[in-house]
Amino acid sequence: MGGMKLDLEAMLADLRALVEIESPSTDLAAVGRVMDVVEGWARELGARARALPGGTRQFSFGVEEGGAERPVLVLMHADTVWPHSTLEKMPFRVEGDRVYGPGTYDMKAGIVGTFYALRALRNQAAQGGWPRGGVQVLLTPDEEIGSLSSREAIEAAARGARAVLVVEPPVADSHALKVGRKGVGDFRLTFHGVASHAGNKPEEGASAITEAARAVLAVQALAHPELGTTVSVGLIQGGSAVNVVPAECVLDVDVRVSTLAEGERVTAAIHALKPQDGRVRLEVEGGLNRPPFERGPQTERLFAQAQAIARDLGFEVGGEVVGGGSDGNFTAPIAPTLDGLGAPGDGAHAAHEHVRLDRWPDHVRLLTRLLQEV
Ligand SMILES: [Zn+2]
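Residues numbered from 1 in each chain as written. Predicted model: local features only at pLDDT ≥ 70, side-chain atom pairs only at ≥ 80, totals over all residues. Heavy atoms only, no water.

**Student:** Help me understand the coordination of the zinc ion, please; the structure alone is not making it clear to me.
**Tutor:** In an ideal tetrahedron of four donors about a metal, each angle is 109.5 degrees. In an ideal octahedron of six donors, the angles are 90 or 180 degrees. Distances from the zinc ion to its protein donors, His77 (NE2), Asp106 (OD), Glu168 (OE) and Glu168 (OE), fall within 1.9 to 2.6 Å. Each of the four donor atoms around the zinc ion contributes to a set of angles spanning 53 to 149°, which defines the coordination as irregular. Considered as a linear motif, the donors of the zinc ion on their single chain read H-x28-D-x61-E. Of the two residues, Asp106 is situated in helix H4 (residues 104–123) and Glu168 in the loop between strand E7 (163–166) and strand E8 (177–181); the sequence distance between them amounts to 62 residues. We classify Asp106 as buried; its relative accessible area is 7%. (Donors = N, O, S within 2.8 Å, 3.2 Å for Na, K, Ca; no water. Tetrahedral: all angles 85-135°; square planar, octahedral: opposite > 155°, others 65-115°. Helix = DSSP H or I, 4+ residues; strand = E, 2+ residues; numbered from the N terminus. Buried < 20%, exposed > 50% of the residue type's maximum accessible area, 1.4 Å probe, protein only.)

**Student:** Please clarify how the nonpolar core should be interpreted in this entry.
**Tutor:** As a rule of thumb, nonpolar side chains are buried together in soluble globular proteins. Ranked by size, the top nonpolar core spans 66 residues in total, and within it Phe59, Phe61, Phe115, Leu338, Trp360, Leu366 and Leu371 carry the most contacts. Top element by residues in this core is H4. It accounts for eleven residues. In this structure Leu371 touches Val72, Val74, Ala117, Leu118, Leu121, Pro131, Val135 and Leu165, once residues within four positions along its chain are discounted. If you look at the next biggest cluster of nonpolar residues, it comprises 21 residues, including Ala206, Val231, Val253 and Val257. (Core = buried A, V, L, I, M, F, W, Y, C linked by side-chain atoms within 4.5 Å. Contact = heavy atoms within 4.5 Å.)

**Student:** I would appreciate a short explanation of unusual backbone geometry in the present structure.
**Tutor:** Most peptide bonds take the trans form, and the phi angle of most residues other than glycine is negative. With omega at -5°, the peptide bond leading from Asp106 into Met107 counts as cis. Structurally, Met107 can be placed in helix H4. The phi angle at Asp173 is positive, at roughly 50°, despite the residue not being glycine. Following the sequence through the fold, Asp173 ends up in the loop between E7 and E8.

**Student:** Any chance you could explain helix H2 (residues 28–44) here in plain terms?
**Tutor:** In an α-helix there are 3.6 residues to a turn, and that puts residues three or four apart on one side. The terminal C-alpha atoms of H2, which comprises 17 residues, lie 24 Å apart, in line with the 24 Å expected from a rise of 1.5 Å per residue. Within the span of H2, buried status applies to Ala30, Val31, Gly32, Val34, Met35, Val38, Glu39, Trp41 and Ala42. Two or three places before Ala29, at the start of H2, stands the capping residue Asp27, its side-chain oxygen 3.2 Å from that residue's backbone nitrogen. Positive phi appears at Gly46, one or two residues downstream of H2, with a value of about 85°. (Expected span 1.5 Å × (residues − 1). Polar contact = N/O pair within 3.5 Å; in protein donor to acceptor, adjacent residues only side chain to side chain.)

**Student:** How should I be thinking about helix H6 (residues 208–220) in this particular structure?
**Tutor:** The end-to-end C-alpha distance of H6, which contains 13 residues, comes to 18 Å, matching closely the 18 Å that a straight helix rising 1.5 Å per residue would cover. When H6 is considered as a whole, its buried residues turn out to be Ala208, Glu211, Ala212, Ala215, Val216 and Val219. The buried residues of H6 occupy an angular sector of 150° when the element is viewed end-on, so they sit on one face. Tucked inside the fold, the buried residues of H6 contact strand E9 (183–192), strand E11 (230–238), strand E13 (248–257) and helix H7 (260–271). (Arc of directions from axis to C-beta.)

**Student:** Mind showing me how you'd approach the UniProt feature "domain: Peptidase M20 dimerisation" (unreviewed entry) in the chain here?
**Tutor:** Here the UniProt-annotated "domain: Peptidase M20 dimerisation" (unreviewed entry) positions come out as residues 179–272. The span residues 179–272 is 27% helical and 38% strand by assignment, and the distance between its end C-alpha atoms comes to 33 Å. (UniProt positions renumbered as here; feature names shortened; annotations may be inferred.)

**Student:** Help me understand the side chain of Arg369, please; the structure alone is not making it clear to me.
**Tutor:** Residue position: Arg369 is located in helix H10 (residues 360–373). One polar contact links Arg369 to Glu373, side chain to side chain, over a distance of 2.5 Å.

**Student:** Got a minute to help me understand the packing of aromatic side chains in this structure?
**Tutor:** The way to describe two aromatic rings as a pair is by their centre distance and the angle between their planes. By the definition in use, this model includes three aromatic pairs. The structure contains a cluster of three or more aromatic residues connected by ring pairs, namely Trp41, Phe61, Phe115 and Trp130. The ring of Trp41 has Arg119 lying over it, and the distance from NZ or CZ to the ring centre is 5.7 Å. (Phe/Tyr/Trp six-rings, centres within 6.5 Å; stacked < 30°, edge-to-face > 60°. Lys NZ or Arg CZ within 6 Å of the ring centre and 35° of its normal.)

**Student:** What is the right way to look at the sheet that holds strand E17 (residues 345–346) in this model?
**Tutor:** Reading across the sheet, the four strands line up as E4-E5-E18-E17 and stay open at both edges, with antiparallel pairing between neighbours. Each of the sheet's edge strands pairs with one partner strand only, and the pair in question is strand E4 (93–95) and E17. Relative to strand E18 (residues 354–356), strand E5 (residues 98–100) runs antiparallel, the two being bridged by three bridges. Within E18, the position partnered with Val99 by the bridge is Val355. (Pairing = 2+ DSSP bridges.)

**Student:** How should the sheet that holds strand E16 (residues 337–338) be read in this particular structure?
**Tutor:** The pairing of strands in a sheet happens through backbone hydrogen bonds and is either parallel or antiparallel. The mixed open sheet is built from six strands, whose spatial order is E1-E2-E6-E3-E7-E16. What marks the edges here is a single partner per strand, and that holds for strand E1 (48–51) and E16. Note: strand E3 (residues 72–77) against strand E6 (residues 135–140), six bridges, orientation parallel. Considered in E6, the bridge of Val72 is made with Val135. The sheet contacts of H2 involve E1, strand E2 (57–61) and E6, and relative to E2 the element is tilted by about 10°. (Axes fitted to C-alpha atoms, helices over the stretch in contact; angles between N-to-C directions.)

**Student:** Just to check I follow, could you spell out the packing of helix H1 (residues 8–19) against H10 for this structure?
**Tutor:** Between two packed helices, what matters for the description is the angle formed by their axes and the separation of those axes. At a minimum axis distance of 11 Å, the contact between H1 and H10 shows a crossing angle of 90°. For the element pair H1 / H10, the angle class is roughly perpendicular. Seen from H1, the contacting residues are Leu8, Met11 and Leu15; seen from H10, they are Trp360, Pro361 and Val364. Across the contact of H1 with H10, the residue classes tally to six nonpolar, no polar and no charged. (Parallel < 35°, antiparallel > 145°, perpendicular 65-115°, else oblique. Nonpolar A, V, L, I, M, F, W, Y, C, P; charged D, E, K, R; others polar.)

Right, dumping it as structure tokens:
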């Protein structure tokens with residue numbers, strides 16, 4: 001397996017096919033077109049394919065319903081953060097050792113690499129079949145917008161799995177896998193004040209902007225960087241005209257936590273906020289969208305196994321805890337989870353998004369062996 005042959009040209013052609021179908025999370029039909037291509041690959045390999053409620057597709061390779069051995073679960077998403085027509089300014093293109101384009105690194109190359117790993121396993125099937133318990137693949141439609149429609153399917157699949165491998169990309173510009181992720185919260189704070197003429201009757205007004213300004217500082221003061229907790233008010237909008245005491249102001253807040261306890265502390269504090277001016281009413285929406293994926297002994301064991309395989313294949317992988325969330329956040333509390341098993345590169349959600357062609361095959365070989373040996 002160490003010398004497993006990979007046809008990089010064919011991998012690139014498959015990647016191009018997926019990247020050139022633009023699939024923003026907000027367009028379920030477009031995301032479905034990517035899924036159709038992937039389902040074709042799965043069926044060619046003899047998978048059982050099922051469409052689950054919410055738009056997720058499940059592909060089963062050698063999984064026995066009610067079998068004694070539980071399958072390995074592979075998580076992947078077909079959506080990207082990129083709107084339609086991004087390809088016009090960011091076309092799929094190869095430059096030296098890099099392949100650029102929207103969704104290459106996050107995470108269409110992760111999908112393609114998984115199918116090359118599965119093909120390699122299938123080709124060995126003559127000598128004993130799929131890994132014990134088989135491989136279950138979930139392809140989801142909405143990871144980039146919080147996985148609201150796929151979370152249930154992901155958690156159910158994790159409950160039946162002996163390990164979860166997430167083919168999100170490795171840490172940017174490195175060989176490092178993801179052994180933990182912060183939990184992610186989104187909050188919206190809407191301040192309803194009282195409008196009034198700012199020159200004639202300012203005293204009759206109650207400024208939503210003033211209260212929001214206090215809240216920006218109060219909310220950000222909840223950060224606790226030593227514990228991994230960050231809080232950032234990323235959006236603010238308010239007021240109707242410069243000469244009107246503002247009746248409305250809205251804040252959108254991004255929260256990241258390394259532990260559930262911190263998530264609960266920050267959530268409670270945000271919900272307990274009270275405007276100083278009693279005439280201003282505050283409405284709080286949101287909460288912790290993804291629980292933290294805490295670095296734990298089960299993940300450590302998987303990571304140690306990945307490290308040993310990589311070393312055997314002739315390269316080193318690191319392991320890092322990152323701030324961004326993924327669907328691995330949902331599975332880590334349920335089953336041993338290792339993330340970052342997709343294609344190495346850089347520039348997720350950025351104009352220079354790309355995959356490193358010189359490093360990609362090694363990571364596909366690593367995934368192949370992990371699927372086989374976990
Ligand atoms: Zn992703």
